[in-house]
Amino acid sequence: MSEVIGELLGVGHQYDEGPEIFKGVNFYIEKGSFHFITGLSGSGKSSLLKILYLGLKPKWGSVKLFGEDTFQIKPILLPLLRQKIGVVFQEFNLLDHLTVIDNVSLPLRVRDVDIKRSYKHAAELLDWVGLGDCMKVYPPSLSGGQKQRAAIARAIITRPQLLLADEPTANVDDEMATKLLYLFEELNKTGTAVLIATHNQRILKKFPYPQLALREGTVFQLPVEKKAS
Amino acid sequence: MNKDQDLPLRSDIAARFVPKIVILMVYLGTLCFTFTFFMIHSTLLWEEKLTTNLSIEIPFFSDGSSANLQTQVTDLLQNTPGINKVEVVPKEEMKAVFHSLLGESTNIDTFSLPAIVDVSLNQRDGFDVKNLEMRLKNMSPLIQLIDHRLWQSQVSNLLFTSTSLALLLTFLILCSTLVTTFFATRTSLLIHRKIVEVLSLIGATPSYIAKQFQRNAFKQGFIASSVGAFLAFLTFLGIYFLFKNAGQTFIITTSFFFEVLAIFILAPFITAFFMMLSARRAVMKALCS
């Protein structure tokens, strides 16, 4: 068994007085693994990812990331854990007052990487995701798909140890979706563990990686599907 | 692009009123501090000039015995331990004082002016005045001993109280500026909560986020307090020339003028530095709790 970088034990959560969205969720994320999280709308896929990127504290259970108990860790040390994680948010969360290149290079800048170097790196990545012409554009001028690609570029620019992507192909066509998945695969080959929440069946068929299915508040591991031609 | 633009703080509604408040506070603060400085400076000058601690008044006797008594008194004073200097005030000096009070036309020579002997002590405290007074009264019960230390200490106390109050006021003005910065930063954090949240989620440390607010507070503080200090300097010059034109002696020396100028130059740096610290404290308190 390879190194475990994420561990959820008996995790459960409910928003305010609402129903439990999941309970007793247990699973491990190994270094360099690739998983899809599937489930119906409202099954808690996004909430599960939120817990993993430390944007939500579950009501029950324990969450360990990179060997640290996230409930016990001092708040001042949380950013250090977050720096090991790349996140593609469902709502993109691009900063509207910054240009696309500033948005994409932001994770490098917060890690005190030299501005010129971070720009160079961001420009290369933007070229790769097909946004080479939109570097100086502000996010409100971009289409949904372009925002999605910019958000992905921002998430992977630091080559994180764990990549969490919430519906990263929701706003792009099949060709771009496939291209993005290849990008995630490339990143995975360098050792990044990838966890993607999706309900895109074509993608699931084309990329036969293990699936964690959220059903009735619990996670089930599904068998690997046969690769579509 | 530079690092302080991750947050759109320049167009911040919450901070729009801050520069105006800082201008006013720095204006009042620097003037108040200059006044304090003036008080300290004047007190020191005044105390430096104060050499007479006691005065002995020897009455004028028409039988001509005054001169003899004056000699006896000065002999006694010169032989009393603790006395540093004994000086008889010249008649001309006394006349000049009376002329300034009663007018030049008054013939002072017709007055029976007493002789005044000024006495400087080695140390202001610890001298037995009662004993000296008793010995002087034995020579003549009409001799008067005036102890200047009483009113001098009262004036000193008053000056000390005024200086302390002015300093306290300066401190309160600085505090109110810092409190304003603190709450403006907190409001700004709330306004930009979403951006701060995204920055945190992509790994920005509280210190990184605080630096953005710090730089903004420093810039804003420096510009606003420079304006405030400049206006205060103009007011100071205005007061100076007003006194000068009115023929009043406004006790300032060249060194005092340059020291005051230094206050006006340093004020923006000091204010901006403390505003920067206040902004940092506000952010770190909010993000690390």
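The written sequence of each chain sets the order in which its residues are numbered from 1. Starting at A for chains and at 1 for ligands, labels are handed out in the order in which the entities are written. It should be noted that, the model being predicted, local features are given only for residues of pLDDT at least 70 and side-chain atom pairs only at 80 or more, the latter also being counted only at that level, while totals for whole chains, interfaces and linings use all residues. To get the side-chain values, take all heavy atoms of the structure and skip hydrogens and water.

## Let's talk about the sheet that holds strand S4 (residues 60–65) of chain A
Residues and elements named next belong to chain A.
Right, so step 1: Pairs of strands are assigned from DSSP output, requiring at least two bridges between the strands. Numbered from the N terminus, helices here are DSSP runs of H or I no shorter than four residues, and strands are runs of E no shorter than two. Read across the sheet, four strands follow the order S2-S1-S4-S5 without closing on themselves; strand pairing throughout is antiparallel. Edge positions in the sheet fall to strand S2 (20–30) and strand S5 (68–69), since each of these pairs with one other strand and no more.
Right, so step 2: Two elements, strand S1 (residues 4–14) and S4, share five bridges in a ladder whose sense is antiparallel. Within S4, the residue paired with Gly12 across the bridge is Trp60.
Right, so step 3: Residue contacts are counted whenever heavy atoms from the two residues lie within 4.5 Å of one another. Inter-axis angles, ranging from 0 to 180 degrees, are taken between N-to-C directions of lines fitted to C-alpha atoms, where helices are fitted over the stretch in contact. Relative to the sheet, helix H1 (residues 45–52) contacts S1, S2 and S4, its axis offset from that of S2 by approximately 55°.

## Considerations on the nonpolar core
Residue and element names in this part refer to chain A.
Right, so step 1: In this structure, Phe36, Leu126, Leu181, Phe184 and Ile196 are the most contacted members of the largest nonpolar core, which totals 42 residues.
Right, so step 2: Counting residues per element, the ones that place at least two in this core are strand S3 (34–39), helix H3 (100–109), helix H4 (115–128), helix H5 (144–156), strand S7 (162–166), helix H6 (174–189), strand S8 (193–197) and helix H7 (201–206).
Right, so step 3: The element contributing the most residues to this core is H6, with seven residues.
Right, so step 4: Among residues more than four places away in sequence, those in contact with Phe36 are Leu181, Ile196, Thr198, Ile203, Leu204, Phe207, Tyr209, Pro210, Gln211 and Leu212. By nonpolar core we mean a set of buried residues, namely Ala, Val, Leu, Ile, Met, Phe, Trp, Tyr and Cys, connected to one another through side-chain atoms within 4.5 Å. For every residue, the accessible area obtained with a 1.4 Å probe (protein chains only) is divided by the maximum for its type, and the residue is called buried under 20%, exposed over 50%, and partly exposed between those limits.

## Some remarks on the pattern of salt bridges
Residues and elements named next belong to chain A.
Right, so step 1: Every case where a carboxyl oxygen of Asp or Glu lies within 4 Å of a side-chain nitrogen of Lys or Arg is listed as a salt bridge. In the structure shown here, the tally under the stated rule is five salt bridges over all chains.
Right, so step 2: Among the salt bridges present, the one from Asp174 reaches Arg202, with a minimum N-O distance of 2.7 Å. Of this pair, Asp174 sits in helix H6 while Arg202 sits in helix H7, and the two are 28 residues apart along the sequence.
Right, so step 3: The shortest N-O distance in the salt bridge between Glu186 and Lys189 comes to 3.6 Å. With Glu186 and Lys189 both in helix H6 and three residues apart, the pair spans about one turn of that helix.
Right, so step 4: Lys189 sits in the exposed class, given a relative accessible area of 64%.

## Notes on the sheet that holds strand S4 (residues 144–147) of chain B
Residues and elements named next belong to chain B.
Right, so step 1: The strand order across the open sheet built from four strands is S2-S3-S1-S4, with neighbouring strands paired in antiparallel fashion. In this open sheet, the two edge strands, each paired with only one partner strand, are strand S2 (83–88) and S4. Shown here is a sheet whose adjacent strand axes are inclined to one another by a mean of 20°, direction ignored.
Right, so step 2: In the sheet, S2 pairs with strand S3 (residues 115–121) via five bridges, with the strands oriented antiparallel. If you follow Val88 over to S3, its bridge partner there is Val117.

## Details of the packing of helix H1 (residues 18–49) of chain B against helix H8 (residues 254–288) of chain B
A pair of packed helices is characterised by two quantities: the angle between their axes and the separation of those axes.
All names here are of chain B.
Right, so step 1: In the contact formed by H1 and H8, the axes pass within 10 Å of each other and the chain directions differ by 145°. Here H1 and H8 pass one another in a crossing that is right-handed. Here Val18, Val22, Val26, Thr30, Phe33, Thr34, Phe37, Phe38 and His41 of H1 come into contact with H8, specifically with Ser255, Phe256, Glu259, Val260, Ile263, Phe264, Ala267, Thr271 and Met275.
Right, so step 2: Each residue gets one label: Ala, Val, Leu, Ile, Met, Phe, Trp, Tyr, Cys and Pro are nonpolar, Asp, Glu, Lys and Arg are charged, and the others, such as Gly, are polar. Looking at side-chain class alone, the contact of H1 with H8 contains twelve nonpolar, five polar and one charged residues. Handedness of each helix crossing follows the sense of rotation of the near helix against the far helix: counterclockwise by less than a right angle gives left-handed, clockwise gives right-handed.

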